[in-house]
Amino acid sequence: ALTRSTGHCRHSGEQNYREHVASIRRDIHIAQPPDVVWSFLGNPARLHEWFPIVDCRVEGTKRWITLGTGITFEEDILLVDDDARRFQYSIVNNLLIKDHFGTLDVVDDGHGHSIVTYQTQCTPNVLALVTAGASGEGLRKAKRILEGAN
């Protein structure tokens, strides 16, 4: 598993950053055990199977995702924690995206099923709107796939 102890975006001035960063969160319940859900959603190379992108490529701690428009984003994979079932990444080397930090968590709902949470903090704020729509769509597709209702 890849690990990194920092959980912060690149920024200057913590207070200023918190005042201007956009944050989204999407949650979904999936009627499958957390380990089953994690084995699918926690694999960085399988993102294109459930998230609304057309391709992704992983090399070490780097991932490149390609949108339907052909635009490619480079990401740093910051954390893949199989024990905590947590994945964290950051979009990097992008002139339009100043800061980005994303987290995917898979937790037990207390009844043997899963709650999946996808969170993103980013600037510019408009990116949060796009990410919110995409992550909601992706989580709904993941639910259909994992629950066998594809």
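Residues numbered from 1 in each chain as written. Predicted model: local features only at pLDDT ≥ 70, side-chain atom pairs only at ≥ 80, totals over all residues. Heavy atoms only, no water.

Attention now goes to the overall build of the protein. A tally of helices and strands in the protein yields 3 helices and 7 strands. In sequence order, the protein lays out its α and β elements as α-β-α-β-β-β-β-β-β-α. Looking at the protein as a whole, 43% of its 150 residues are labelled buried. Within the protein, residue pairs in contact and separated by at least 24 positions form 51% of the contacts whose partners lie at least 6 positions apart. (Helix = DSSP H or I, 4+ residues; strand = E, 2+ residues; numbered from the N terminus. Buried < 20%, exposed > 50% of the residue type's maximum accessible area, 1.4 Å probe, protein only. Contact = heavy atoms within 4.5 Å.)

Attention shifts here to helix H2 (residues 34–41). The set of residues buried in H2 consists of Pro34, Val37, Trp38, Phe40 and Leu41. For H2, the arc enclosing every buried residue in end-on projection is 165°, short of the 170-degree limit, so these residues lie on one face. Contacts made by the buried residues of H2 are with strand S1 (22–30), strand S4 (72–81), strand S5 (86–92), strand S6 (99–108), strand S7 (114–123) and helix H3 (126–146). (Arc of directions from axis to C-beta.)

With an omega dihedral of 5°, the bond running from Thr123 to Pro124 counts as a cis peptide bond. Within the secondary structure layout, Pro124 lies in the loop between S7 and H3. Despite not being glycine, Arg85 has its phi angle at roughly 55°, a positive value. Topologically, Arg85 is positioned in the loop between S4 and S5.

This paragraph deals with the side chain of Arg63. Looking at the secondary structure, you find Arg63 in strand S3 (residues 62–66). A polar contact is formed between the side chain of Arg63 and the backbone oxygen of Pro44, at a distance of 3.1 Å. A distance of 2.6 Å separates a polar atom in the side chain of Arg63 from a polar atom in the side chain of Glu75. With residues up to four places along the chain from it excluded, the contact list for Arg63 reads Pro44, Leu47, Cys56, Arg57, Val58, Phe73, Glu74, Glu75, Ile77, Phe87 and Tyr89. (Polar contact = N/O pair within 3.5 Å; in protein donor to acceptor, adjacent residues only side chain to side chain.)

This paragraph deals with the nonpolar core. By size, the foremost hydrophobic cluster in this structure holds 33 residues, and its most contacted members are Leu41, Trp50, Val116 and Tyr118. Among the elements that take part in this core, H3 stands out by supplying 7 residues, more than any other. Among residues more than four places away in sequence, those in contact with Leu41 are Trp50, Leu104, Val116 and Ala142. (Core = buried A, V, L, I, M, F, W, Y, C linked by side-chain atoms within 4.5 Å.)

Attention now goes to the pattern of salt bridges. Applying the stated rule across the entire model yields 9 salt bridges. Residue Glu49 is joined to Arg46 by a salt bridge in which the shortest nitrogen-to-oxygen separation is 2.9 Å. A relative accessible area of 30% places Glu49 in the partly exposed class. Assessed through its relative accessible area of 28%, Arg46 is described here as partly exposed. For Asp105, the salt bridge goes to Arg86, with nearest N and O atoms at 2.7 Å. A residue pair is termed long-range when its members are at least 10 positions apart, and Asp105 in strand S6 and Arg86 in strand S5 qualify at 19 residues. Looking at Arg86, the relative accessible area reads 31%, which means it is partly exposed. In this structure, a network of salt bridges that share partners links the residues Lys62, Glu74 and Asp76. (Salt bridge = Lys/Arg side-chain N within 4 Å of Asp/Glu carboxyl O.)

All right, on to the environment of His113 then. Among the structural elements, His113 can be located in the loop between S6 and S7. Put simply, His113 and Ala31 are 82 residues apart on the chain and 5.0 Å apart in space, counted from C-alpha to C-alpha. Sequence-distant contacts of His113, defined by excluding residues within four places in its chain, comprise His29, Ile30, Ala31, Gln32, Pro34, Val107 and Asp108.

What follows is about a nonpolar patch on the surface. Taken together, the side chains of Val126, Leu129 and Val130 make up a nonpolar region of the molecular surface, amounting to roughly 330 Å² of accessible area. Tracing the backbone through its elements, the reader meets Leu129 in helix H3. Under the relative-accessibility criterion, Leu129 is labelled exposed at 66%. (Patch = residues over 30% accessible without salt bridge, like charges linked within 9 Å, V, L, I, M, F, W, Y side chains within 5 Å. Areas by Shrake-Rupley, 256 points an atom, 1.4 Å probe, with all protein chains shown as cover.)

Function cannot be read off these values alone, since they describe shape.
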